[in-house]
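# A closer look at the structure
Chain residues, written in single-letter form:
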Amino acid sequence: MTERKLTIDFEEYTSAAEMEPQDRALVERATHALAGSYSPYSRFRVGAALLLENGTVVIGSNQENNSYPAGLCAERTAMFAAGANYPGVAFDTLAIVASHEGKILEDPATPCGICRQVMAEYQTKGGKPLKVILAGSRKIYKFSRVDDLLPLIFDSLKA
Ligand code: THU
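What you are looking at is a predicted structure, and each value in this text was computed from that prediction instead of being measured. (Residues numbered from 1 in each chain as written. Predicted model: local features only at pLDDT ≥ 70, side-chain atom pairs only at ≥ 80, totals over all residues. Heavy atoms only, no water.)

## As for the overall build of the protein
Note the threshold: Strands here are runs of E lasting at least two residues and helices are runs of H or I lasting at least four, both read from the DSSP assignment and numbered beginning at the N terminus. We compute the radius of gyration over the C-alpha atoms and compare it with the globule rule, which gives 2.2 Å times the number of residues raised to the power 0.38. Contacts: residue pairs with any heavy atoms within 4.5 Å of one another. All accessible areas in this document rest on Shrake-Rupley with a 1.4 Å probe, and a residue is counted as covered only by the protein chains that are shown. All tallies of charge rest on Lys and Arg as positive and Asp and Glu as negative; His and the ends of each chain are not included. Think of each charge as sitting on NZ of Lys, CZ of Arg, CG of Asp or CD of Glu.
Looking only at helices and strands, the protein features three helices and seven strands. Starting at the N terminus and ending at the C terminus, the protein contains elements arranged as β-α-β-β-α-β-β-α-β-β. Relative to the compact-globule value of 15 Å for 159 residues, the protein shows a C-alpha radius of gyration of 16 Å, a close match. Taking contacts inside the protein between residues at least 6 apart in sequence as the whole, the part at least 24 apart equals 65%. As displayed, the protein has an accessible area near 9000 Å², and 52% of this comes from carbon and sulfur atoms. Treating the 17 positive side-chain charges of the protein as one cloud and the 19 negative ones as another, the clouds have centres 2 Å apart.

In structure tokens:
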């Protein structure tokens, strides 16, 4: 038996002002995307902004439904819209922001497992690392690839 450890790497910023202008702009787009959230059940808004390698930004927000499982997370709303509208264009960076009762969360909201799996597959499809920014009002995390959010990614195509 060999004991192994996995480490994950990410950057932490105390405000968007510390970030590169392109990342800061993407966090702003994700913040604006909060307005499109349809979340009467959870009252938890999530906004996502996805920068494609061609410079296009596709936004998404969580969309809920009275039939609860029918709802969709902000991240997947953005990724599926980008996949459908810009087939063949790789994803570069995904920024995510969340608010509750009108207040942006202080700590970054971290994406659900299903969204991480979807990010992983689009990263593979795009053939380059997909960066992920999780922005809170007090702290911002930046991951340089999805692998750091989803270690040991499932990928049956790799086999
Ligand atoms: N939600 C997202 O949009 N992204 C996530 O990664 C986790 C959760 C949404 C789903 C639901 O509309 C609300 O947040 C509360 O769970």
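## Some words on the side chain of Arg76
Using the following cut-off: For every residue, the accessible area (1.4 Å probe, protein chains only) is compared with the maximum for its type, and the residue is labelled buried under 20%, exposed over 50%, or partly exposed between those bounds. Whenever a carboxyl oxygen of Asp or Glu lies within 4 Å of a side-chain nitrogen of Lys or Arg, that contact is scored as a salt bridge.
For Arg76, the location among the structural elements is in helix α2 (residues 74-85). The charged side chain of Arg76 is buried without a salt bridge, its nearest counter-charge being Glu75 at 6.6 Å. The residues touching Arg76, leaving out its near neighbours within four places in the chain, are Ala81, Cys112, Ile114, Cys115 and Val118.

## Quick word on the site of the ligand
Selection rule: Throughout, the term near means that a residue has one or more heavy atoms lying within 4 Å of the molecule or strand in question. What qualifies as a polar contact is a pair of N or O atoms within 3.5 Å, subject to a donor-acceptor requirement within protein and to the restriction that residues adjacent in sequence count only when both atoms come from side chains. Amino acids are sorted into nonpolar (Ala, Val, Leu, Ile, Met, Phe, Trp, Tyr, Cys and Pro), charged (Asp, Glu, Lys and Arg) and polar (every other residue, Gly among them).
If you check the shell around the ligand, you find Ser42, Phe44, Val46, Asn62, Glu64, Cys73, Ala74, Glu75, Pro111 and Cys112 and nothing else. A distance of 2.9 Å separates an oxygen atom of the ligand from a polar atom in the side chain of Asn62. Here Glu75 contributes a side-chain N or O atom positioned 2.7 Å from an oxygen atom of the ligand. The set of elements that each furnish at least two residues to the shell around the ligand consists of β2 (44-52) and α2. The class makeup of the residues in the shell around the ligand is six nonpolar, two polar and two charged.

## Topic: the state of the cysteines
Definition in use: Disulfide assignment relies on a single distance test, namely cysteine sulfur atoms paired within 2.5 Å.
The full count for this structure, using the stated rule, is zero disulfides. Free of any disulfide, Cys73 has its nearest cysteine sulfur in Cys115, 3.8 Å distant. Given the relative accessible area of 24%, Cys73 is considered partly exposed. As a non-bridged cysteine, Cys112 has Cys115 as the owner of its nearest cysteine sulfur, 3.7 Å distant.

## Comments concerning the packing of aromatic side chains
Defined as follows: Planes of paired rings set the category: under 30 degrees apart is stacked, over 60 is edge-to-face and the rest tilted, where pairs are Phe, Tyr or Trp rings (Trp by its six-membered ring) whose centres lie within 6.5 Å.
Applying the stated criterion to the full structure yields six aromatic pairs. Ring centres 4.7 Å apart and planes at 25° place the aromatic pair Phe91 and Tyr122 in the stacked group. Taken together, the residues Phe91 in strand β4 (residues 91-100) and Tyr122 in helix α3 (residues 113-126) connect sequence positions 31 residues apart. Here Phe91 matches Tyr122 in class, with each residue buried. A connected cluster of aromatic rings, assembled from ring pairs, spans Phe10, Tyr141 and Phe143.

## A word on α2
Inclusion rule: Any helix carries an expected span of 1.5 Å times its number of residues minus one.
Under the 1.5 Å per step criterion, the end-to-end length of α2 is 16 Å for twelve residues, consistent within 8% with the ideal 16 Å. Here α2 has its buried residues at Ala74, Glu75, Arg76, Ala78, Met79 and Ala82. Structurally, α2 contributes buried residues whose contacts are with β2, β3 (57-61), β4 and α3.

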